[in-house]
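# Fold and geometry: a report
What follows is each chain in one-letter form.
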Amino acid sequence: MATETHFFTAPDGVSLAWREMGAGHDLLLLHGFVSDAKTNWISYGAATQLVAAGYRCIMPDLRGHGESHGRERLNDFGLADYAEDVARAAADLPRPPVLIGHSMGALVVQKFLEKSKDTPAMVLASPVPSYGLLPSSFTLAFTRPTLFASLNTVASGGRASPEALSTVLFAESPEPAVLERTYRRMQRESRRAMLDMSGWSLPNPWFAWGNGGPRRPPTLVLGAGRDALISAHEAQATARMLGADYKLLPELGHAVMLDAGWEGAAQAIADWLDERDL
């Protein structure tokens, strides 16, 4: 299916890329850490499946990622900067989009909604918890120290090994060619964004949706039963904290749009949106 790539300029002058597929109600899909829109949503087919369900997919590369500019300043960018990129992308759309974020992208969705409440719904897939990565980090440090060390390498601006990437992203090790293709597309992540996710600048759901303010939009949280990074229990805790619907994908790892069986994750999103006439 044809994908159009467009560029727009952020207020601070950074050129940002976004990809577009399909027609229908707009879905704004945000990729996770060390990734980009093409890897997260297009390469394996998740966006194509959502387009087939009648939606238009808008998929930005957050600044410093994919084809967006700013990689030389990547470590200067935090969650608030990524949220501003979302605001800029949404401003060009004819109506408020449904917001869908994976992993770090789920936190960016919530950060964006601290300032802009105008969205019909949101979906958070394998979300970094609203309370941050510290609990997950402590658990990994004691139970899987080698994997914890690899993730610290990413947090320090390096790259994890293919083996560590496989453990983090997939329920089972994929075919070597699949793992190599995925590894080649992964990149460094912002140190500042990693610190933000650890607690420096987390979204505040109580501030965003306080008493007397607008109601929180309908929300779906997807948890992955074999997620080595964000456990299904943590995803469910995020759902409880946000008053969201929760669906467990029992056989998938953290990368629910890349792992074998990703079609079930995409279908869960399409079905949930359809049930709400979105």
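Since we're looking at a predicted model, the values are computed, not measured.

## Re the overall build of the protein chain
Within the protein chain one finds 12 helices and 8 strands. Here the protein chain has a C-alpha radius of gyration of 17 Å; the compact-globule value for 278 residues is 19 Å, and the two agree. Considered along the principal axes of its C-alpha atoms, the protein chain spans approximately 45 × 40 × 35 Å. Residues classed as buried in the protein chain amount to 56% of the 278 residues present. Within the protein chain, residue pairs in contact and separated by at least 24 positions form 70% of the contacts whose partners lie at least 6 positions apart. Of the roughly 11,500 Å² of accessible surface on the protein chain, 52% is carried by carbon and sulfur atoms.

## A word on the pairing of strand β3 (residues 25-30)
Of all 6 residues that make up β3, 6 are buried, and the element is covered over most of its length. Of the two faces of β3, the one carrying H25, L27 and L29 and the one carrying D26, L28 and L30 are both buried. Examined bridge by bridge, β3 and strand β4 (residues 55-60) share 4 bridges and lie parallel to one another. The partner of L27 across the bridge, within β4, is C57. Inspection of the sheet shows β3 paired to strand β5 (residues 98-102) by 4 bridges, in the parallel sense. By the bridge assignment for β5, L28 is matched with L99.

So, how was this worked out
- Residues numbered from 1 in each chain as written.
- Predicted model: local features only at pLDDT ≥ 70, side-chain atom pairs only at ≥ 80, totals over all residues.
- Heavy atoms only, no water.
- Helix = DSSP H or I, 4+ residues; strand = E, 2+ residues; numbered from the N terminus.
- Rg over C-alpha atoms; globule rule 2.2 N^0.38 Å.
- Buried < 20%, exposed > 50% of the residue type's maximum accessible area, 1.4 Å probe, protein only.
- Contact = heavy atoms within 4.5 Å.
- Areas by Shrake-Rupley, 256 points an atom, 1.4 Å probe, with all protein chains shown as cover.
- Pairing = 2+ DSSP bridges.

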